[in-house]
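Remarks on the overall topology
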Amino acid sequence: MSTHYAINLGRELGSGGRAIGELVARQLGIAFYDKELLYLASQESGLGQEFFEKADERTSPALFGSMMGGRFPFMNEAAFLSPSCLSNDSLFNIQSKVIEELVEKKSCLFVGRCADYVLRNHPRCVNIFVTSPLEIRKSRLMERMQITATEAEELIRKSDKMRSNYYNYYSFRTWGQASTYHLCIDSSIFGIEETANFITAFIKKKLAL
């Protein structure tokens, strides 16, 4: 049995989830993947990275003029490469294949992109969700992006809707619901670094590292 393991981290926009994920990966000495998956999926498929960027954590049935009206979770690679039927579902499947291949080679931490569902049959996974109160999330975005409170709140609203729709659609589970994960944590309690330390300790104990 492979000794490689996967940490799958879901997050709310403005919760500090990506920064926490980077720290956890560094502490564990494993590979970190977020937007990097889009480039790897592009390399895997031979399709332009812009296709994956447009479809990233979105559930619209097609990027352009799709002939596919439904969901096809087990499409073959010939369908993947046909521009006339290039759907978000086929791009999701390409990205899922990349996730599975990465974990075969090494231990990884994945941010979002339904990695916990993709790797649901992997024996060594830890699924984490990072949240934070709305006001804290707004403050982080306002500082980071130099936007107003109203703009930050609207961005959060759209992001939460997009991510939950994407996750619920592909996983048949509920984004952000405690029973979906091994650990849900409010990053505002300990702050970014201490939250990462807490998660790392939890992972080590769960996986007996």
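What this report covers is the structure whose coordinates are included nearby.

1. Examining the overall build of the protein
- Along the protein, the regular secondary structure elements total 10 helices and five strands.
- Burial analysis of the protein (209 residues in total) assigns 48% to the buried set.
- Put simply, 68% of the contacts in the protein that link residues at least 6 apart link residues at least 24 apart.
- Taken as a whole, the protein presents about 10400 Å² of accessible surface, with 54% of it coming from carbon and sulfur.

2. Description of the pairing of strand 1 (residues 6-11)
- Of all six residues that make up strand 1, six are buried, and the element is covered over most of its length.
- Judged by which residues are buried, strand 1 turns out to be covered on both faces: A6, N8 and G10 on one side and I7, L9 and R11 on the other are all buried.
- Bridging between strand 1 and strand 3 (residues 108-111) involves four bridges; their strand directions are parallel. The residue bridging N8 from the neighbouring strand is F110, located in strand 3.
- Pairing between strand 1 and strand 4 (residues 125-131): six bridges, direction parallel. The residue bridging N8 from the neighbouring strand is N127, located in strand 4.

3. Considering the pattern of salt bridges
- Within the structure shown, the criterion is met by 10 salt bridges.
- The partner of D116 in a salt bridge is R173, with the nearest N and O atoms 3.9 Å apart. You can see D116 sitting in helix 6 (residues 115-118) and its partner R173 sitting in the loop between helix 8 (149-171) and strand 5 (183-186), a full 57 residues away along the chain.
- What makes R173 partly exposed here is its relative accessible area of 28%.

What counts and how
Residues numbered from 1 in each chain as written. Predicted model: local features only at pLDDT ≥ 70, side-chain atom pairs only at ≥ 80, totals over all residues. Heavy atoms only, no water. Helix = DSSP H or I, 4+ residues; strand = E, 2+ residues; numbered from the N terminus. Buried < 20%, exposed > 50% of the residue type's maximum accessible area, 1.4 Å probe, protein only. Contact = heavy atoms within 4.5 Å. Areas by Shrake-Rupley, 256 points an atom, 1.4 Å probe, with all protein chains shown as cover. Pairing = 2+ DSSP bridges. Salt bridge = Lys/Arg side-chain N within 4 Å of Asp/Glu carboxyl O.

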